[in-house]
Amino acid sequence: MFTMGIDIGSSSSKVVILEDGVKIIAGEVIQIGTGSTGPKRVLDEALSKAGLKLQDMAKIIATGYGRSSVEEAHKQISEISCQAKGVFFLVPSVKLIIDIGGQDVKAIKLDSKGGVKQFFMNDKCAAGTGRFLDVMSRVLEVNLDEMAEYDARATEPATVSSTCTVFAESEVISQLSNGVAKENIIAGVHQSVASKACGLAYRCGVEEDIVMCGGVAKDLGVVRAISKELKKPVIVAPNPQITAALGAAIFAFEEVMAAVIFAFEEVRGANK
Amino acid sequence: MSRIETIISELSSISNNPRKAMEDYKKETGKGSVGVMPYYAPEEIIHAAGFLPVGIWGGQKSISKARAYLPPFACSIMQSVMEMQLEGVYDDLEAVLFPVPCDTLKCLSQKWKGTSPVIVFTHPQNRKLEAANKFLAEEYRLVREKLEKILSVQISDEALNNSIEIYNENRQVMREFTDIAANYPNIIDPIKRHAIIKARFFMEKSKHTALVKELNSALKSLPVEAFTGKKVVLTGIMAEPNEVLDILKDNGFGVVADDLAQESRLFRNDVPSGTDPLYRLAKWWQEFDGCSLATDAKKSRGPMLMDMVKASKADAVVVCMMKFCDPEEFDYPIYYRQFEEAGIKSLFIEIDLETTSFEQTKTRVQSFSEML
Ligand code: SF4
């Protein structure tokens, strides 16, 4: 049986196709999100990779910022529940998830069964999100995927504000014009992202294992900065951008199974 | 339309259109309205003068002109109040009563941009001393004097004691209403509950009391229905705009009690009995606890909220955090820790009167309902 999870974020679209609730047979990402062609394209890509059609899906669940605009979905579940489900599936020892996406930062506390105990999200400001890193990468003329390398070479991280993206951008520009090395500025940018996320983590209560997911988890500079701030190791979820889509696909599988069991019990009850 | 629906729709239309309520009052009595800024002003003095006390709670607004006077991190409600002042929204008021229990209000009271005269007074924060009662009664005496002058009326002790009784009756009926409404969350959904309570700010209180009393008995005569959603207690300054309450409703939440400064905090205590009305009003402030604006060495807000959760059999607390409200932000970590220790679930949502996008609130509320 195949189920599908679709996660439409603000800046990327992700789809996971799951076989029998355990085997990921497609996990695709397109770096454009809700309101774009991204959702449709990523859906087609995942189906073609798996060699399946939409009709082959027993159930489809959508999640993420654009979850209510996915026509193909049978149901919507919030990304917090899906993130918890997906990460717990991959790392069952997880107690705290730090999820940094395009425009959201979330800290999610889990119980030992993977249920959500508490969560906190950033306020509306883009500081500390993927968007913040995008802006900085443009100003610094360093690709996002190179930022971790620059950070590793930093000798004296610069101070970058974590309260406002616009303010932080002008701070970075003035540091550049003062000749501060890009390496040090990037380490400062990473610290700034980390301080925002760790603030939410502290509100939740920090407990190991700590797992990071979301697009920003691919930037190891941020991961290192978070680990340093929390003084604890941080595990990066395998394929960290698709964990919420994976969670949605698992939810879809569980719901199909629950319906099957329910129908079976009904029949058994009727035959008694 | 049933009587219940008629009363709810009458109160909702008043709460949605305060200007019309003011005009109607003027037509009926020939007297105007006096604005009442948050929080805890002795409205009874205005009532005793025969004028209509009108609550000033800002509104959903995009902010532009107010930016010239307020820093961007001033709380959302006062940003909107300032914007509306600059638009002349409050200029029809005969006067404005302006308590200053927080720093934002203190600063704002010194830069009122409307044309109505403003009467500023102070709540003492060393509240548990007898001197506090004397100080506040004296403040209220000055408020009365200034009002008498501006409105050209005499406000007798007798009239004031009488208004206190009218207000106390309203408080008692409102407490009854919130208890009864908790049994009928299918009928009294979060939006209706809020509108019924908010109408208090724009009606002569005995009229509001009469309607809510009737509503209470009509509700009580109905069988208690099963509620399949989750029951929550709201805490904070206010739970507006209605989109926030809509999101709660859409996700199956019913409000069974509240600790909002705009709602139950105003009527959970009566003004105590006595003969000197100003002293009685002052004493109310001394006896009032569990609010971020009233210094409370015992920090009783958390335990009070937990008692509310227990008494109303609520599933959780929703913290409606007014954006950039420092008194409320300072209280939060204290009661949040108490909730954690007691195993009480809570959700933190931000109240921003300027916003038009509610996606984040939707995600938080939906996740919370999935979590419970
Ligand atoms: S109490 Fe909070 S919301 Fe109210 S005026 Fe003061 S800062 Fe603003």
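Calculation rules
Residues numbered from 1 in each chain as written. Chains lettered and ligands numbered in written order. Predicted model: local features only at pLDDT ≥ 70, side-chain atom pairs only at ≥ 80, totals over all residues. Heavy atoms only, no water. UniProt positions renumbered as here; feature names shortened; annotations may be inferred. Buried < 20%, exposed > 50% of the residue type's maximum accessible area, 1.4 Å probe, protein only. Helix = DSSP H or I, 4+ residues; strand = E, 2+ residues; numbered from the N terminus. Arc of directions from axis to C-beta. Contact = heavy atoms within 4.5 Å. Near = heavy atom within 4 Å. Domains from an automatic or database assignment. Buried area = accessible area lost by both parts, 1.4 Å probe. Salt bridge = Lys/Arg side-chain N within 4 Å of Asp/Glu carboxyl O. Polar contact = N/O pair within 3.5 Å; in protein donor to acceptor, adjacent residues only side chain to side chain.

In the nomenclature of an unreviewed UniProt entry, chain B corresponds to Benzoyl-CoA reductase, subunit C from the organism Desulfosporosinus lacus DSM 15449. Here chain B is described in UniProt, under the heading Cofactor (unreviewed entry), as follows: "[4Fe-4S] cluster".

An unreviewed UniProt entry lists chain A under the name CoA-substrate-specific enzyme activase, putative, from Desulfosporosinus lacus DSM 15449. Under the UniProt heading Subunit (unreviewed entry), the note attached to chain A is "Homodimer." Reading the Cofactor (unreviewed entry) entry of the UniProt record for chain A gives the comment "[4Fe-4S] cluster".

A separate point is helix α10 (residues 242-250) of chain B. Residues and elements named next belong to chain B. Every buried residue of α10 is listed here: V244, L245, I247 and L248. What you see down the axis of α10 is that its buried residues fit within an arc of 155°, all on one side. Lining the buried residues of α10 we find α8 (190-198), β5 (230-236), β6 (253-260), β8 (345-351) and α14 (359-371). G252 lies just past α10 and shows a positive phi near 80°.

Turning our attention to the site of the ligand. Neighbouring the ligand are Y39, C75, I77, M78, C102, T104, L105, L293, M322, C325, D326 and P327 of chain B. Elements with a contribution of two residues or more to the shell around the ligand: α4 (76-86), α5 (103-109) and α13 (326-342) of chain B.

Let's shift gears to the domain arrangement of chain A. By a widespread convention, an interface's size corresponds to the accessible area lost as its parts come together. Residues and elements named next belong to chain A. Assigned domains within chain A: domain 1 (2-85 + 242-271) and domain 2 (92-236). When each unit is reduced to the centre of its C-alpha atoms, the spacing between domain 1 and domain 2 is 28 Å. Opposite the ten residues of domain 1 that make contact, domain 2 presents 15 residues. The junction of domain 1 with domain 2 conceals about 910 Å² of combined surface from both sides, 62% of it contributed by carbon and sulfur atoms. On the domain 1 side of the contact with domain 2, I80, Q83 and A84 bury the most area, a combined 55% of that side's loss. Summed over the shared surface of domain 1 and domain 2, the number is zero salt bridges. Here domain 1 and domain 2 share one residue pair in polar contact (both at pLDDT 80 or more) between them.

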